Amino acid sequence: MPTAVNRFLVLVAFAVALFPGAARAIDLADGKLVINGAGAGAFTITDGNDVFNTELIGGHVGSFRNAEFNLFVAVKPMDRVTIVTLVFFDEIGQIETGLDWSFVEFLATDWLNIRAGEVKLPLGLSNEVEPIGTLRPFFALPAAVYGPSSIAADTYFGVGLTGEIAVPGGYRLGYDLYGGNMSFDTIEPFSALIASQPSSVRGSAIAPVKETVRNVLGGRLGLSTPVEGLNFRVSAYRGSLVDTSLEVLLLSAEYLNDRWSVRTEGYRSAQAAIGNINHGGYIEVAYHITDAIQVAVQADAMRTHRAGVKDDSQFLYHRGVAFGLNYWFSPALVAKASLQQIKGNRLAFPTLLADAIAIAKTNGTTISDETLLFTGGLQFSF
């Protein structure tokens, strides 16, 4: 069986061989079948704590097990009907394969599409394009918003409406409305501080878990301005968890042109019945010095308030500052390197957290609340 290093090198060679030029979809059967793809591979290492994100993992040992490939297939059996499917292969710590999206879209009018099935969740600026790393300056999306932070699901199972209409002054208003069920990854290291939780027992590992949200009703409004590249979005949804409700509000803004990429988002989520409130956001700025060389900086933060946990706990907050340097072989192929300084243990901590807490108490010390993460990798699309 090939090692993780060999798999990463094969992925790099495959990307370089296939995508030396601009990204192009594979168009077959007179446009009735369109195939796109995107993939990535990266090496990560930290100076101590383990770092958790839905798109990568990192630890002090160093890992090449951050690889993925996504295949997008769109079939048009009729002029107004499109069937969209995303097949994925992930090896982010462990191997996963399957269908991510699979839905039918019906074009009712020029301004209304109806979707049904397992539909990509319209949330914020980047949730729908998360698999496509060539659309962003850092290898992974900001963890404070798109990581295991209890708001960003990949998809929902249900029915949705989407479209765009022109409004006076050169603006365009996009909208999404949807309802159904969904699930997202969440990780809660502070649960190791609560005696009644299984994760507080020594030998227990803290890992992301899937949490199901039922009876979801949500939507998104997007405003495209006359200033090319300047856009605003408001996203919100409400649903039911096993023991409480979940309410999420996310505000987004971006400005994009040939040289600059500026994005910022902020959110608040609340699970009122259990006293769990999260809020966070990020600002990200990237600039192309040349067509090939891009520099980027990102600051993200997340704060949790949880009943039963002291509000000043280091396991309730995350603050990160990252610097990136990218080399774009083409719009379809990019090599990225970044260094992120993380403060707090909300998203960076020892996996065997209960053990680490017990050892620190015995030694009269504390778990380090500072983590340095290096990420270097390659992303491609077609």
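Novice: Quick rundown of the overall build of the chain? Include the residues and the values.
Specialist: Looking only at helices and strands, the chain features three helices and 20 strands. The C-alpha radius of gyration of the chain comes to 21 Å, within 12% of the 21 Å expected for a compact globule of 382 residues. Dimensions along the principal axes, computed over C-alpha positions, put the chain at roughly 70 × 45 × 45 Å. By the burial criterion, 49% of the 382 residues in the chain qualify as buried. Nonlocal contacts in the chain, meaning residues at least 24 apart in sequence, comprise 62% of its contacts between residues at least 6 apart. Counting only carbon and sulfur atoms, one obtains 63% of the accessible surface of the chain, whose full area is about 17,500 Å².

Novice: Outline the packing of aromatic side chains, listing residues and values.
Specialist: Under the defined criterion, the tally for this structure stands at seven aromatic pairs. For the ring pair Phe 72 and Trp 101, a centre distance of 5.6 Å and an interplane angle of 50° mean the geometry is tilted. Here the residue Phe 72 occupies a position in strand β5 (residues 63–78), and Trp 101 occupies one in strand β7 (residues 94–109), the gap between them amounting to 29 residues. Like Trp 101, Phe 72 is buried. Ring geometry for Tyr 156 versus Tyr 178: centroids 4.9 Å apart, planes at 25°, classification stacked. Of the two residues, Tyr 156 sits in strand β9 (residues 155–167) while Tyr 178 sits in strand β10 (residues 171–186), which places them 22 residues apart along the sequence. Given a relative accessible area of 3%, Tyr 156 falls into the buried group. Residue Tyr 178 is classed as buried on the basis of its relative accessible area, which comes to 5%.

Novice: Kindly report on the sheet that holds strand β19 (residues 348–349), identifying the contributing residues and their values.
Specialist: Read from one edge to the other, the open sheet built from three strands follows the order β4-β3-β19, with strand pairing classed as antiparallel. The open sheet has two free edges, formed respectively by β4 (57–58) and β19, since each of these has just one partner strand.

Novice: Tell me about the nonpolar core, and name the residues and values.
Specialist: In this structure, Met 182, Tyr 237 and Leu 353 are the most contacted members of the largest nonpolar core, which totals 48 residues. For this core, the elements supplying multiple residues, two or more each, are β6 (81–92), β7, α2 (143–146), β10, β11 (209–224), β13 (245–256) and α3 (353–363). Judged by nonpolar contacts, the second largest core, of nine residues, contains Ala 40, Ala 42, Val 51 and Leu 56.

Novice: Hey, could you go over α3 for me, with residue numbers and the actual values?
Specialist: For α3, the set of buried residues is Leu 353, Ala 354, Asp 355, Ala 356, Ile 357 and Ala 360. The inward-facing, buried residues of α3 contact β19. Backbone geometry just downstream of α3 places Gly 364 in the positive-phi region, at approximately 70°.

Novice: Kindly report on unusual backbone geometry, identifying the contributing residues and their values.
Specialist: Notably, Asn 215 is not glycine yet its phi reads approximately 55°, a positive angle. Residue placement: Asn 215 occurs in strand β11.

Novice: With reference to specific residues and values, describe the pairing of β5.
Specialist: Note: strand β2 (residues 33–46) against β5, 11 bridges, orientation antiparallel. Counted as the bridge partner of Ala 42 is Asn 66 from β5. Two strands pair when backbone bridges link them, and β5 and β6 are joined in this way by 11 bridges, in the antiparallel orientation. Paired with Ala 67 across the two strands is Glu 91, which belongs to β6.

Novice: Just give me the short version of a nonpolar patch on the surface, but keep the residues and values in it.
Specialist: Taken together, Val 227, Tyr 255, Trp 260, Tyr 287, Ile 289, Ile 293, Val 295, Leu 325, Tyr 327 and Phe 329 make up a surface patch of nonpolar side chains, about 900 Å² in accessible area. Taken together, the elements giving at least two residues each to the nonpolar patch come down to β16 (293–306) and β17 (317–330). Residue position: Val 295 is located in strand β16.

Novice: Describe the pattern of salt bridges, listing the residues and the values that go with them.
Specialist: One pass over the structure, following the stated rule, counts 16 salt bridges. Across the salt bridge formed by Arg 136 and Glu 55, the nearest N and O atoms sit 2.6 Å from each other. Of this pair, Arg 136 sits in the loop between β8 (112–120) and α2 while Glu 55 sits in the loop between β3 (50–52) and β4, and the two are 81 residues apart along the sequence. The exposure class assigned to Glu 55 is buried, which follows from its relative accessible area of 2%.

Novice: Describe the side chain of Lys 120, and please don't skip the residues or the numbers.
Specialist: With respect to the helices, strands and loops of the structure, Lys 120 is situated in strand β8. With no salt bridge to any partner, buried Lys 120 finds its closest opposite charge in Glu 128, at an N-O distance of 5.4 Å. With near-sequence residues (within four places) excluded, Lys 120 lies in contact with Trp 101, Phe 103, Arg 115, Glu 128, Asp 154, Thr 155 and Tyr 156.

Novice: Which residues make up the side chain of Arg 136, and what values do they have?
Specialist: In this structure Arg 136 comes out as buried when scored by relative accessible area, which is 6%. There is a polar contact of 2.6 Å between the side chain of Arg 136 and the side chain of Glu 55. Excluding residues within four positions of it along the chain, Arg 136 makes contact with Glu 55, Val 129, Glu 130, Leu 141, Arg 263, Trp 328, Lys 336 and Gln 379.

Novice: Residues and numbers for the environment of Val 321, please.
Specialist: Checked against the element boundaries, Val 321 lands in strand β17. For Val 321, a relative accessible area of 39% corresponds to the partly exposed category. In this structure, the C-alpha to C-alpha distance between Val 321 and Gln 340, residues 19 residues apart in sequence, is 5.5 Å. Contacts of Val 321, omitting those with residues within four sequence positions, involve Gln 298, Ala 299, Leu 339, Gln 340 and Gln 341.

Novice: Please provide a residue-by-residue account of the pairing of β8, values included.
Specialist: Across seven bridges, the pairing between β7 and β8 is antiparallel. Bridged to Glu 105 within β8 is Arg 115. As paired strands, β8 and β9 are joined by eight bridges and run antiparallel to one another. Residue pairing for β9: Gly 117 is matched across the bridge by Gly 158.

What counts as what
- Residues numbered from 1 in each chain as written.
- Predicted model: local features only at pLDDT ≥ 70, side-chain atom pairs only at ≥ 80, totals over all residues.
- Heavy atoms only, no water.
- Helix = DSSP H or I, 4+ residues; strand = E, 2+ residues; numbered from the N terminus.
- Rg over C-alpha atoms; globule rule 2.2 N^0.38 Å.
- Buried < 20%, exposed > 50% of the residue type's maximum accessible area, 1.4 Å probe, protein only.
- Contact = heavy atoms within 4.5 Å.
- Areas by Shrake-Rupley, 256 points an atom, 1.4 Å probe, with all protein chains shown as cover.
- Phe/Tyr/Trp six-rings, centres within 6.5 Å; stacked < 30°, edge-to-face > 60°.
- Pairing = 2+ DSSP bridges.
- Core = buried A, V, L, I, M, F, W, Y, C linked by side-chain atoms within 4.5 Å.
- Patch = residues over 30% accessible without salt bridge, like charges linked within 9 Å, V, L, I, M, F, W, Y side chains within 5 Å.
- Salt bridge = Lys/Arg side-chain N within 4 Å of Asp/Glu carboxyl O.
- Lys, Arg positive; Asp, Glu negative; His and termini not counted.
- Polar contact = N/O pair within 3.5 Å; in protein donor to acceptor, adjacent residues only side chain to side chain.

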